[in-house]
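What follows is each chain in one-letter form.
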Amino acid sequence: AHDIEYYYIHDYYPLTCKQVSHKARQVRNTVYAFKDGEKSLLWAKVFSVCISKLSCFDAIKENAVLVPIPASTKKAHGRRFTRFCRELAKRLDIADGFRTLWIEFDREKMKGTIGKNKIENLTFNRIHIKGKHVLLVDDVITTGTSLVQIGKKLLDFAEEIARKEGCISLRLDV
């Protein structure tokens, strides 16, 4: 079994939650702006402060790559993560792995669904992650299904590489 450690910055309440505080509405609006390709620099700054404060970050920074969990469509993914990943990787002084997970074909939105394959439309570019510590980032984690499926796939790749190269330990953190 794979253990996946994750952190989140703020609670998020979708529009279906009507009774939320003013602050929660502000966070929701900022998240929606990010999803529309706005406020990338603000979110990169927020993420960089949070990630740089993680106790494990200094130990993995030298050999880390930032990988976004893709949106459901190529257009949404590019709009949401191109500038964000470039800026966040620069702020953290790590590799930008925007092209590590590539969307081969657009899929339906599956936000909040459990039990469906959310990564069947993705191609994993192993060259970007071989021997690296992978930092997966996502804008919103609802059920965690995408995070878990992608994390498991990356760990499977790491185990495969370790077997082929006779490595004793894996160097893939999710």
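Residues numbered from 1 in each chain as written. Predicted model: local features only at pLDDT ≥ 70, side-chain atom pairs only at ≥ 80, totals over all residues. Heavy atoms only, no water.

*Asks:* What exactly am I supposed to notice about the packing of helix H2 (residues 40-52) against helix H4 (residues 74-92) here?
*Replies:* Helices that pack against each other are described as a pair by the angle of their axes relative to one another and the distance between those axes. It is at 9 Å that the axes of H2 and H4 come closest, and there the two elements cross at 40 degrees. With respect to each other, H2 and H4 are oriented oblique. As for how H2 packs across H4, the hand of that crossing is right-handed. Seen from H2, the contacting residues are Ser40, Leu41, Trp43, Ala44, Lys45, Phe47, Ser48, Ile51 and Ser52; seen from H4, they are Arg80, Arg83, Phe84, Glu87, Leu88, Arg91 and Leu92. A breakdown of the residues in the contact of H2 with H4 according to their chemical character gives eight nonpolar, three polar and five charged. (Axes fitted to C-alpha atoms, helices over the stretch in contact; angles between N-to-C directions. Helix = DSSP H or I, 4+ residues; strand = E, 2+ residues; numbered from the N terminus. Parallel < 35°, antiparallel > 145°, perpendicular 65-115°, else oblique. Left-handed = near helix turned anticlockwise from the far one by under 90°. Contact = heavy atoms within 4.5 Å. Nonpolar A, V, L, I, M, F, W, Y, C, P; charged D, E, K, R; others polar.)

*Asks:* Is there a simple way to think about the confidence of the model for the protein chain in this case?
*Replies:* When pLDDT is averaged along the protein chain, the result is 83, and 86% of the positions lie at 70 or above. The spread of mean pLDDT over the elements of the protein chain runs between helix H5 (residues 145-165), the lowest at 76, and strand S2 (residues 95-96), the highest at 96. Per-residue pLDDT stays below 50 along residues 168-174; that stretch engages in 22 contacts with residues further than four places along the chain or on separate chains. (pLDDT = per-residue confidence, 0-100.)

*Asks:* Explanation requested: helix H1 (residues 22-35) in the structure shown.
*Replies:* One turn of the α-helix equals 3.6 residues, which is why residues spaced by three or four share an orientation. Taking 1.5 Å of rise per residue, the 14 residues of H1 would be expected to cover 20 Å, and the 20 Å separating its terminal C-alpha atoms lies within 8% of that figure. Buried within H1 we find Ala24, Val27, Arg28, Thr30, Val31, Ala33, Phe34 and Lys35. Check the buried side of H1 and you find it contacts H2 and H4. Looking one or two residues past H1, Gly37 carries a phi angle of roughly 90 degrees, positive in sign. (Expected span 1.5 Å × (residues − 1). Buried < 20%, exposed > 50% of the residue type's maximum accessible area, 1.4 Å probe, protein only.)

*Asks:* Hey, could you run me through the environment of Arg80 in this one?
*Replies:* Looking at the secondary structure, you find Arg80 in helix H4. Expressed as a C-alpha distance, the spacing of Arg80 and Pro70, which sit 10 residues apart in the sequence, is 9.1 Å. What Arg80 contacts, discounting residues up to four positions off in sequence, is Phe34, Lys35, Ser40, Ala71 and Asp139.

*Asks:* Looking at this model, I keep getting lost on the side chain of Asp138. Mind explaining?
*Replies:* Mapped onto the secondary structure, Asp138 falls in the loop between strand S5 (133-137) and H5. Buried within the structure, Asp138 lacks any salt-bridge partner; Arg80 is the closest side chain of opposite charge, at an N-O distance of 5.8 Å. Residue contacts for Asp138: discarding those within four places in its chain leaves Phe47, Ile69 and Phe81. (Lys, Arg positive; Asp, Glu negative; His and termini not counted. Salt bridge = Lys/Arg side-chain N within 4 Å of Asp/Glu carboxyl O.)

*Asks:* What is the right way to read H2 from this model?
*Replies:* Its 13 residues give H2 an end-to-end C-alpha distance of 18 Å, which sits within 8% of 18 Å, the value for a rise of 1.5 Å per residue. Within H2 the residues assigned to the buried category are Ser40, Trp43, Ala44, Phe47, Ser48 and Ile51. What you see down the axis of H2 is that its buried residues fit within an arc of 135 degrees, all on one side. Residues of H2 that are buried make contact with H1, helix H3 (57-60), H4 and S5. (Arc of directions from axis to C-beta.)

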